[in-house]
Amino acid sequence: MSEPASKRRRTESEEGGSDSETQKPFLFMNSVQRSKYWFDDGNVVLRAEGTLFRVHCSMMAHQSKVFKDMFGMPQPQEQTQDVMVEDCPVITLGDTGEDVEHILAVFYDNINALDLRQKMHFSQLSAFLRLGKKYEIEYLQNEALKLLRLDFPATLDAYDKTFAGDQVKYDFPRECGPFTPVILLALDHSIPSVLLSAYLTYVSSVTPRELFTGKEGDILTSSITAICALDRDRLLRCAFNIIQTWWAGLGACSNNSNSCTNNRRSATKELALMLYPSDTGMAPRLTPWNVYEGGERTGPMKTRLCATCMTGFKDRYEDARKELWKKLPGFFGLEEWEKLKDFDA
Ligand SMILES: [Zn+2]
């Protein structure tokens, strides 16, 4: 099968001058079309759904061990002789045409397709993961994983940076929001570290009603929606328990005055809403304190506090965020962070 096309017997299609007249049944389907990856000197045709790609065995084998093995094995009679297009054997893949096009773009257009200064579309990223795994193209899997981990990291420090900076390296599908496709991808490919921060971001950005009515499109199954709902609830209850202890943990203010006491009371209320947004029913966003700083504001609160009280509040808030982050895997029924193993571990 890897022999040059010119040495093989000519097919009826070539002799007839038009492949559409003499091809096997699937080629008569109206929906079959040639991809832009159709090289006249290609020696194998890949078929994915209704799209045909005429490419080079040597290129496919060089990129993928699975293709290498496939081409190295003698092909069944019906595959080499009965299904030919322009003298090339046709291999039918179980993938989508779009997915195959994404990986061929990397093989044949390389730097243009994989320019990380540009945002990658989510469909490209998920194709890299899916087909990278299936065809053992490790660098594609690793590239996708690297990008996912930038946006959905496994440490609170890194997660904070995604709040502060423009870390999102790919465009999300327009028809649904940014988080549910990542949740599904992380579940499909066993990437629990990405799953957790995607869960957190999702449940802290939708109300309970939106969670069940599918704000981001109805792509989550009911069992995943149930997980999100239950774990959002666990997160909220834990946040509430932490808030209960805030007042005691603050200690006395060295400026102990009536205004400090009153201000602390209203600041506690404000801060509690950050961590326990009971008005929306969303999970805590775990937004870092410094996001609120700037201008005249020195933290998330409108209440003016003396410097000592402010430091106390900031410390309590940051401690609470760290505690919630640490417990995050448990809320979602997973092992603690240190024991989580992504598929590449
Ligand atoms: Zn004070």
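So, here is what we can say about the structure in this document.

Reading guide: rules and limits
- Residues numbered from 1 in each chain as written.
- Predicted model: local features only at pLDDT ≥ 70, side-chain atom pairs only at ≥ 80, totals over all residues.
- Pairing = 2+ DSSP bridges.
- Helix = DSSP H or I, 4+ residues; strand = E, 2+ residues; numbered from the N terminus.
- Axes fitted to C-alpha atoms, helices over the stretch in contact; angles between N-to-C directions.
- Parallel < 35°, antiparallel > 145°, perpendicular 65-115°, else oblique.
- Left-handed = near helix turned anticlockwise from the far one by under 90°.
- Contact = placed C-beta atoms within 7 Å.
- Core = buried A, V, L, I, M, F, W, Y, C linked by C-beta atoms within 7 Å.
- Buried ≥ 20, exposed ≤ 12 C-beta atoms within 10 Å, placed from the backbone.
- Domains from an automatic or database assignment.

**Examining the sheet that holds strand β5 (residues 88-93)**
Pairing is mixed in the open sheet, where five strands are placed in the order β1-β3-β2-β5-β4. The sheet terminates laterally at β1 (33-38) and β4 (84-85), the two strands that pair on one side only. Examined bridge by bridge, β4 and β5 share two bridges and lie antiparallel to one another. Within β5, the residue paired with methionine 84 across the bridge is proline 89.

**Considerations on the packing of helix α15 (residues 258-275) against helix α16 (residues 307-331)**
Where α15 contacts α16, the axes come no closer than 11 Å and their chain directions differ by 25 degrees. It follows that α15 is roughly parallel to α16 by the angle criterion. The two elements α15 and α16 meet at a crossing, and its hand is right-handed. Contact residues: Cys260, Asn263, Arg264, Ala267, Leu271 and Leu275 in α15; Cys309, Phe313, Tyr317 and Ala320 in α16.

**Side note on the nonpolar core**
Counting residues in each nonpolar core, the largest one holds 77 residues, and the members touching the most others are Val182, Ile183, Ala198 and Tyr199. Residues from two domains meet in this core; each of domain 1 (5-95) and domain 2 (236-323) gives at least three. If sequence neighbours within four positions are ignored, valine 182 has contacts with Leu148, Phe152, Val194 and Ala198.

**What about the environment of isoleucine 242?**
Among the secondary structure elements, isoleucine 242 is positioned in helix α13 (residues 222-244). Considered as a pair, isoleucine 242 and leucine 324 are 82 residues apart in the sequence and their alpha carbons are 9.1 Å apart.

**Here's the deal with helix α10 (residues 180-188)**
One full turn of an α-helix is made of 3.6 residues, so residues set three or four places apart face in the same direction. Taken together, the buried positions of α10 are Thr180, Pro181, Val182, Ile183, Leu185 and Ala186. Residues of α10 that are buried make contact with α7 (122-134), α8 (138-151), α11 (192-203) and α13. Serine 190 lies just past α10 and shows a positive phi near 55 degrees.

**Looking at the pairing of strand β2 (residues 44-48)**
In terms of burial, β2 is largely enclosed, as four of its five residues are buried. Pairing between β2 and strand β3 (residues 51-55): five bridges, direction antiparallel. If you follow arginine 47 over to β3, its bridge partner there is leucine 52. Between β2 and β3, which follow one another and run antiparallel, lie two residues, and glutamate 49 among them has a positive phi close to 50 degrees. Bridging between β2 and β5 involves four bridges; their strand directions are parallel. Bridge pairing in β5 links leucine 46 to isoleucine 91.

**Regarding unusual backbone geometry**
Even without being glycine, glutamate 49 reaches a positive phi, approximately 50 degrees. When you line up the elements, glutamate 49 lands in the loop between β2 and β3. Residues other than glycine seldom take positive phi values, yet glutamate 136 does so here, at roughly 55 degrees. Take glutamate 136: it is sitting in the loop between α7 and α8. Given 16 C-beta atoms within a 10 Å radius, glutamate 136 is considered partly exposed.

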